[in-house]
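# Chains, contacts and geometry: an overview
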Amino acid sequence: MKVLIAGCNGHVGKELVKKAISRGIDIRCFDLNPLVIPELDISSLDIVTGNITDLETVQRVTKGVDAVIDVIGMRGESKTLTHEIVEHGGIKNIIQASKKNGVKHILYTSVLGVEANSPARTLSAKWNAEQSLIHSGISYTIFRPSGYFVDFAEYFAPKIRDTGSFTVIGNGLTRLQPLDPADLAEAFIQSLDNEKAVNRIFKIAGSEDFTLVEIINLVSRVVNRRVKIKKVPFWIMNAMFSVIAIFTGKKGGKDFLYRMSRDSVCSDQEMKEVQETFTLELKRLEPWLREKVINLPPHA
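The numbering scheme is per chain: residues are counted from 1 as the chain's sequence reads. Note on the predicted model: pLDDT of at least 70 is required for a residue's local features to be given, and 80 or more for side-chain atom pairs to be given and counted; whole-chain, interface and lining totals, by contrast, use all residues. Side-chain calculation: all heavy atoms of the structure are included, whereas hydrogens and water are not.

### Looking at helix α5 (residues 150–163)
- Its 14 residues give α5 an end-to-end C-alpha distance of 19 Å, which sits within 8% of 20 Å, the value for a rise of 1.5 Å per residue.
- Residue Phe-156 marks the point of greatest curvature in α5, where the axis turns by about 35°; the proline Pro-158 follows within four residues.
- Looking at the buried side of α5, the elements it contacts are α1 (11–23), β7 (165–169), β8 (175–176), α6 (181–191), α7 (212–223) and α11 (285–292).
- Following α5 by one or two positions, Gly-164 adopts a phi angle in the positive range, close to 75°. By definition, any uninterrupted DSSP run of H or I lasting at least four residues is a helix, any uninterrupted run of E lasting at least two residues is a strand, and each is numbered from the N terminus. Given the number of residues in a helix, its expected span is that number minus one, multiplied by 1.5 Å. A residue's bend is simply the angle between two axes: one fitted to the seven residues ending at it, one to the seven starting at it. Throughout, a residue-residue contact means that at least one pair of heavy atoms, one from each residue, lies within 4.5 Å.

And the structure:
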């Protein structure tokens, strides 16, 4: 079996590459830029660069592969690339190319909270991508993960360590169940040649349920600095992002605000379905963070 990892340079993508190499899985790595994993010798890997929005490129990189794992994502929109173009347009290109090249299985990373006609453009685009994949006629596996540990290592930890303060939107009681990207990558790998995972959607999250304030205090302990938490009401941020959207056309702030106002957790039944299908040892956040923040760069 040969597997295309689309989005190999992302947090989940790199973990997929590592796990595939350790298992001897034949992979092709695809992203906008060449794959970079400093701790691994990747010189012998099949690495291709290109844009998921270009059908000809997607047809080329899907040739000769049996499965595609799409973990491509984007943090914000530009004037030419929207979430709909990248998320939905990208999966449509994968589907079309897969039909031409005989790909048997498409695996896609969505997100918790997807819904039709969502006010958050990210969620709406991922919903549309899911629907296209579900109705494609090709076997699929879709994961809807919660947020990832990396946000707390790359943003929360350096900010708290360097400033001793952190600002939250709302009352800080939004519930989160963050996930190690490596655990999601493991679930993807275990979905290959797994009949239990075919044509299914899995909501997946970490093993611990926190409020946002609890996570901030946890990060404070890890970096060994007392933190002062500042709270800004949602209505103030909503007004500010509305003005920004009017004058700049950028609606990313409104998307962010909508997602921040909602819990990102899985039910016990949803996690039971994950554990019944896959063999996962979900990581805990605090020990993961303590390992990652040893050589943390300063907050930008």
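From this point on, the discussion continues.
### With respect to the sheet that holds strand β3 (residues 46–49)
- We treat two strands as partners when DSSP finds at least two bridges between them. Strand order across the open sheet formed by seven strands is β3-β2-β1-β4-β5-β6-β9, with parallel pairing between neighbours. On the outer flanks of this sheet lie β3 and β9 (200–204), each paired with one strand and no other. Averaged over all pairs of adjacent strands, the angle between their axes in this sheet comes to 15°, without regard to strand direction.
- Seen against the sheet, helix α3 (residues 83–101) touches β4 (67–70) and β5 (105–109) and runs at an angle of roughly 170° to β5. Axis definition: a line fitted to C-alpha atoms, over the contacting stretch in the case of helices. Angles run 0 to 180 degrees between N-to-C directions.

### Thoughts on the pattern of salt bridges
- Counted as salt bridges are all cases of a side-chain nitrogen of Lys or Arg within 4 Å of a carboxyl oxygen of Asp or Glu. Throughout the structure, instances matching the rule amount to 21 salt bridges.
- Two residues, Lys-18 and Glu-15, come together in a salt bridge whose shortest N-O distance is 3.6 Å. Highlighted residues: Lys-18 and Glu-15, both in helix α1, separated by three residues, approximately one helical turn.
- Per-residue accessibility, obtained with a 1.4 Å probe over protein chains only, is compared with the maximum for each type, and a residue is labelled buried under 20%, exposed over 50%, and partly exposed between these values. Judged by its relative accessible area of 28%, Lys-18 is partly exposed.
- The shortest N-O distance in the salt bridge between Asp-180 and Lys-283 comes to 4.0 Å. In this pair, Asp-180 sits in the loop between β8 and α6 while Lys-283 sits in the loop between α10 (268–277) and α11, placing the two residues 103 residues apart along the sequence.
- Classification of Lys-283 by relative accessible area gives partly exposed; the value is 36%.
- One salt-bridge network, in which partners are shared between bridges, spans Lys-2, Asp-26, Arg-28 and Asp-46.

### Regarding the pairing of strand β6 (residues 139–145)
- Most of β6 is tucked away, with six of its seven residues classed as buried.
- Pairing geometry for β5 and β6, over five bridges, is parallel. Along β6, the bridge assignment pairs Thr-109 with Phe-143.
- With its strands directed away from the observer, a crossover is right-handed exactly when the path from the first strand over the helix to the second travels clockwise. For the handedness criterion, the β-α-β arrangement of β5, helix α4 (residues 121–134) and β6 is classed as right-handed.
- Taken together, the five bridges between β6 and β9 define a ladder with parallel strand orientation. Bridging across to β9, Arg-144 finds its partner in Lys-203.

### Let's talk about the packing of α1 against α6
- At their nearest, the axes of α1 and α6 sit 8 Å apart, and the two run at 55° to each other. The angle between α1 and α6 places the two elements in the oblique class. For the pair α1 and α6, the sense of crossing is right-handed. Each of His-11, Val-12, Glu-15, Leu-16, Lys-19, Ala-20 and Arg-23 in α1 lies in contact with α6, whose residues at this interface are Pro-181, Ala-182, Leu-184, Ala-185, Glu-186, Phe-188 and Ile-189.
- Here the term charged refers only to Asp, Glu, Lys and Arg, the term nonpolar to Ala, Val, Leu, Ile, Met, Phe, Trp, Tyr, Cys and Pro, and the term polar to all other amino acids, Gly among them. Here the residues of the contact of α1 with α6 are counted per class, giving nine nonpolar, one polar and four charged. In these notes the angle categories are as follows: under 35 degrees is roughly parallel, over 145 is roughly antiparallel, 65 to 115 is roughly perpendicular, and the rest is oblique. Helix crossings are classified by the rotation of the near helix relative to the far one: an anticlockwise turn of less than a right angle makes the crossing left-handed, while a clockwise turn makes it right-handed.

### What about the environment of Ser-165?
- The topology assignment puts Ser-165 in strand β7.
- A relative accessible area of 15% means that Ser-165 is categorised as buried.
- Sequence-wise, Ser-165 and Ile-142 are 23 residues apart; in three dimensions their C-alpha atoms are separated by 37 Å.
- Excluding residues within four positions of it along the chain, Ser-165 makes contact with Lys-159, Ile-160, Val-227, Lys-228 and Lys-230.

### Some remarks on the nonpolar core
- To form a nonpolar core, buried Ala, Val, Leu, Ile, Met, Phe, Trp, Tyr and Cys residues must be joined to one another through side-chain atoms within 4.5 Å. By size, the foremost hydrophobic cluster in this structure holds 36 residues, and its most contacted members are Leu-16, Val-17, Ile-27, Leu-35, Phe-143, Phe-188 and Ile-204.
- Listing elements by their share of this core, those giving two or more residues are β1 (2–6), α1, β2 (26–31), β4, α6, β9 and α10.
- No other element matches α6, which puts five residues into this core.

### Some remarks on the packing of aromatic side chains
- Stacked, tilted and edge-to-face are the three classes assigned to paired rings of Phe, Tyr and Trp, where Trp is represented by its six-membered ring and a pair needs centres within 6.5 Å; plane angles under 30 degrees give stacked, over 60 edge-to-face, the rest tilted. This structure, assessed with the given rule, holds nine aromatic pairs.
- Between Phe-143 and Phe-278, the ring centres sit 5.7 Å apart and the planes meet at 45°, which makes this aromatic pair tilted. Taken together, the positions of Phe-143 in strand β6 and Phe-278 in the loop between α10 and α11 put the pair 135 residues apart, joining distant regions of the chain. Like Phe-278, Phe-143 is buried.
- Aromatic rings pair up to connect Phe-143, Phe-188, Phe-202 and Phe-278 into one cluster.

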